[in-house]
Amino acid sequence: QSVLTQPPSMSAAPGQKVTISCSGGTSTVKNNYVSWYQQLPGTTPKLLIYDNNKRPSGIPDRFSGSKSGTSATLGITGLQPGDEADYYCGTWDSSVNSGVFGGGTKLTV
Amino acid sequence: EVQLVESGGGLVQPGGSLRLSCAASGFTFRNYDMHWVRQATGKGLEWVSAIDTGGDTYYPGSVKGRFTISRDNAKNSLYLQMNSLRAGDTAVYYCARPGSRFDILSGHFYFDSWGQGIRVTVSS
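Note that the coordinates shown come from a computational prediction; the quantities given were computed from them, not determined experimentally.

Some points on the overall build of chain B
Line of reasoning, step 1. Along the backbone of chain B there are zero helices and eleven strands.
Line of reasoning, step 2. Moving toward the C terminus, one meets the helices and strands of chain B in the order β-β-β-β-β-β-β-β-β-β-β.
Line of reasoning, step 3. A globule of 124 residues ought to have a C-alpha radius of gyration of about 14 Å, and chain B, at 14 Å, matches this closely.
Line of reasoning, step 4. For chain B, buried positions account for 52% of its 124 residues.
Line of reasoning, step 5. In chain B, 56% of the contacts between residues at least 6 apart in sequence involve partners at least 24 apart.
Line of reasoning, step 6. Charged side chains of chain B number 12 positive and 10 negative; the gap between the two group centres comes to 6 Å.

Structure below.
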């Protein structure tokens, strides 16, 4: 069982918007920065969002991140078939000085 | 261009040992903390260990006491010595570089560069 809780799966139609949640606690999400990753089938994870809401260069603004208290959210607008992937949140756990990831969300478009 | 290339994986019996290596290039290796992350087939990402630029190390409870992370800045290489291996350690192991040079305890936890991964199978 992961320290960070994500919905196992979500689905939405092309062109629609989806929000993926990542729930943690004070020592994880609230007191540290959250990152999000996209993993297409058979590939390595790709950084989408870092420091809660920042996008690396090359990541389209269809992807956004936010955080409030002990929960973080990844938003994807204008869904495309190519967005079909597994999405993971990650952060640091200050109580045990360890990195932690969510269990992942499989997005179907 | 940042490159991380893992090696040393394979099949090992339960209770056995394996040493993974990660050859880094394209950046000043000694200036970055480095991490190992693993992923069992069909499962999610699991953080395995980290070593900061000063050599301090960090582990989750699941591997503490069995795994040892180390680095050789002269060789631009990261290592993971895995002892007392269990079936549950079977996974693809990734070497990962943080996207920032903030102190590891600063809470800036994110990876902008990943190796291609190396498979470790623990089975009799």
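What about the packing of aromatic side chains?
Line of reasoning, step 1. Evaluated as defined, the whole model comprises twelve aromatic pairs over all chains.
Line of reasoning, step 2. Geometrically, the ring pair formed by Tyr37(A) and Trp114(B) is edge-to-face, given 5.7 Å between the ring centres and 80° between the ring planes. Highlighted residues: Tyr37(A) in strand 3 (residues 35-39) and Trp114(B) in strand 10 (residues 111-114), drawn from two different chains. For the residue pair Tyr37(A) and Trp114(B), the accessibility class agrees, reading buried in each case.
Line of reasoning, step 3. When the ring centre of Tyr32(B) is taken as origin, the NZ or CZ atom of Arg97(B), which lies over that ring, is 4.2 Å away.
Line of reasoning, step 4. Its end group placed over the ring of Tyr32(B), Arg101(B) keeps NZ or CZ at 6.0 Å from the ring centre.

Concerning the side chain of Arg66(B)
Residue and element names in this part refer to chain B.
Line of reasoning, step 1. Take Arg-66: it is sitting in the loop between strand 6 (57-58) and strand 7 (67-72).
Line of reasoning, step 2. The class for Arg-66 is buried, based on a relative accessible area of 8%.
Line of reasoning, step 3. In this structure the side chain of Arg-66 is engaged in a polar contact, spanning 3.0 Å, whose partner is the backbone oxygen of Ser-84.

What about the sheet that holds strand 2 (residues 18-23) of chain A?
All names here are of chain A.
Line of reasoning, step 1. What the three strands build is an open sheet, ordered 2-6-5; its pairing is antiparallel. The outermost strands of the open sheet, each flanked by one partner alone, are strand 2 and strand 5 (63-68). With strand direction ignored, the average angle separating the axes of adjacent strands in the sheet is 20°.
Line of reasoning, step 2. Two elements, strand 5 and strand 6 (residues 71-76), share six bridges in a ladder whose sense is antiparallel. Bridging across to strand 6, Ser-64 finds its partner in Gly-75.

Calculation notes
- Residues numbered from 1 in each chain as written.
- Chains lettered and ligands numbered in written order.
- Predicted model: local features only at pLDDT ≥ 70, side-chain atom pairs only at ≥ 80, totals over all residues.
- Heavy atoms only, no water.
- Helix = DSSP H or I, 4+ residues; strand = E, 2+ residues; numbered from the N terminus.
- Rg over C-alpha atoms; globule rule 2.2 N^0.38 Å.
- Buried < 20%, exposed > 50% of the residue type's maximum accessible area, 1.4 Å probe, protein only.
- Contact = heavy atoms within 4.5 Å.
- Lys, Arg positive; Asp, Glu negative; His and termini not counted.
- Charge placed at Lys NZ, Arg CZ, Asp CG, Glu CD.
- Phe/Tyr/Trp six-rings, centres within 6.5 Å; stacked < 30°, edge-to-face > 60°.
- Lys NZ or Arg CZ within 6 Å of the ring centre and 35° of its normal.
- Polar contact = N/O pair within 3.5 Å; in protein donor to acceptor, adjacent residues only side chain to side chain.
- Pairing = 2+ DSSP bridges.
- Axes fitted to C-alpha atoms, helices over the stretch in contact; angles between N-to-C directions.

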